[in-house]
Amino acid sequence: MRTSIAKQFRWEMGHRLPNHPGLCRNIHGHSYEAQVILVGEPDESGMVMDYFDVKTMVQPLIDRLDHCFLLDASDTVMKDFFTSHPMKVVEIDVPTTAENIAHYLLQHIISQLPTSHRIESVKVRIYETEKTYAEVAQELMH
Ligand SMILES: [Zn+2]
């Protein structure tokens, strides 16, 4: 039977949305939470995927993001600042919204799936606050 498993990850990260008309254009941060949801048929041992393997797949990216500033590559103000003040920065090519962070994690997870896996669908939900989240999902071909 098609079954979902999920694991949660937390990290702290700074960002800003340079073209946002409101408060989000300011430098600020969030305690982010990601829920990674994997859907598939459990194997003979009754597992969709070992939770340990889920952590092995996802945690390195979370560690890379933790306490970094997530930089939108088009944000030249911040880019100039970090050039003269080197800090932990991760650059992405799109605005650093929860939607795009969810997509960024999703792509990473799909690229890290072991060659023989039984995952039919991957979902990532990103909580920027307790009350707001963005979710992306992708069906995988077998
Ligand atoms: Zn924000």
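If you're wondering where the values come from, they're calculated on a predicted model, not measured in any experiment.

K.L.:
Sorry if this is basic, but what is going on with the overall build of the protein chain here?
P.N.:
Of regular secondary structure, the protein chain possesses three helices and six strands. Each helix (α) and strand (β) of the protein chain, taken in turn from the N terminus, gives the series β-β-α-β-α-β-α-β-β. Expressed along its principal axes, the backbone C-alpha trace of the protein chain runs to roughly 55 × 30 × 25 Å. The proportion of buried residues among the 142 residues of the protein chain is 21%. A fraction of 54% describes how many contacts in the protein chain between residues 6 or more apart in sequence connect residues 24 or more apart.

K.L.:
How should I be thinking about the nonpolar core in this particular structure?
P.N.:
One recurring pattern in soluble globular proteins: nonpolar side chains tend to sit buried together. Counting residues in each nonpolar core, the largest one holds 24 residues, and the members touching the most others are Ala34, Ala102, Leu105, Ile109, Val124 and Ile126. Where this core is concerned, the elements lending two or more residues are β1 (3–15), β2 (28–40), α1 (51–65), β3 (68–72), α3 (98–112) and β5 (119–129). When residues of this core are assigned to their parent elements, the largest contribution, seven residues, is made by α3. Leaving out residues up to four positions away in the same chain, Val124 has contacts with Ala34, Val36, Ala102, Leu105, Leu106, Ile109, Glu135 and Val136.

K.L.:
Which parts of the structure should I look at to understand the pairing of strand β4 (residues 89–92)?
P.N.:
Within a regular strand, the side chains alternate between the two sheet faces. In this sheet, β4 lies alongside β3 in parallel orientation, the contact comprising four bridges. By the bridge assignment for β4, Asp72 is matched with Ile92. Crossover β3 to β4 through helix α2 (residues 76–84) is right-handed.

K.L.:
Would you take a moment to explain α1 for this structure?
P.N.:
Every α-helix carries 3.6 residues per turn, so stepping three or four residues along brings you back to the same face. Here α1 spans 21 Å end to end across 15 residues, near enough to the 21 Å set by a 1.5 Å rise per residue. At Val58, α1 is deflected by roughly 40°, the largest bend along its length, and proline Pro60 occurs up to four residues later in sequence. The first or second residue beyond α1 is His67, which carries a positive phi of 60°.

K.L.:
How should I be thinking about α3 in this particular structure?
P.N.:
Taking 1.5 Å of rise per residue, the 15 residues of α3 would be expected to cover 21 Å, and the 21 Å separating its terminal C-alpha atoms lies within 8% of that figure. When we look at burial in α3, the residues that qualify are Ala98, Ile101, Ala102, Tyr104, Leu105, Leu106 and Ile109.

K.L.:
Would you take a moment to explain the environment of Ile92 for this structure?
P.N.:
Inspection of the secondary structure assignment puts Ile92 in strand β4. For the pair Ile92 and Leu70, spaced 22 residues apart in the sequence, the C-alpha separation amounts to 7.3 Å. When neighbours within four sequence positions are excluded, Ile92 is seen to be in contact with Leu70, Asp72, Ala73, Asn100 and Tyr104.

K.L.:
How do you make sense of unusual backbone geometry when you look at a structure like this?
P.N.:
Peptide bonds are, in most cases, trans, and in most cases residues other than glycine have a negative phi. A positive phi angle is found at His67, which is not glycine, with a value near 60°. Relative to the helices and strands, His67 is located in the loop between α1 and β3. Under the C-beta neighbour-count criterion, His67 is labelled exposed, with 12 such atoms within 10 Å.

Rules used in this analysis
Residues numbered from 1 in each chain as written. Predicted model: local features only at pLDDT ≥ 70, side-chain atom pairs only at ≥ 80, totals over all residues. Helix = DSSP H or I, 4+ residues; strand = E, 2+ residues; numbered from the N terminus. Buried ≥ 20, exposed ≤ 12 C-beta atoms within 10 Å, placed from the backbone. Contact = placed C-beta atoms within 7 Å. Core = buried A, V, L, I, M, F, W, Y, C linked by C-beta atoms within 7 Å. Pairing = 2+ DSSP bridges. Right-handed = clockwise from strand over helix to strand, strands pointing away. Expected span 1.5 Å × (residues − 1). Bend = angle between axes of the 7 residues up to and from the residue.

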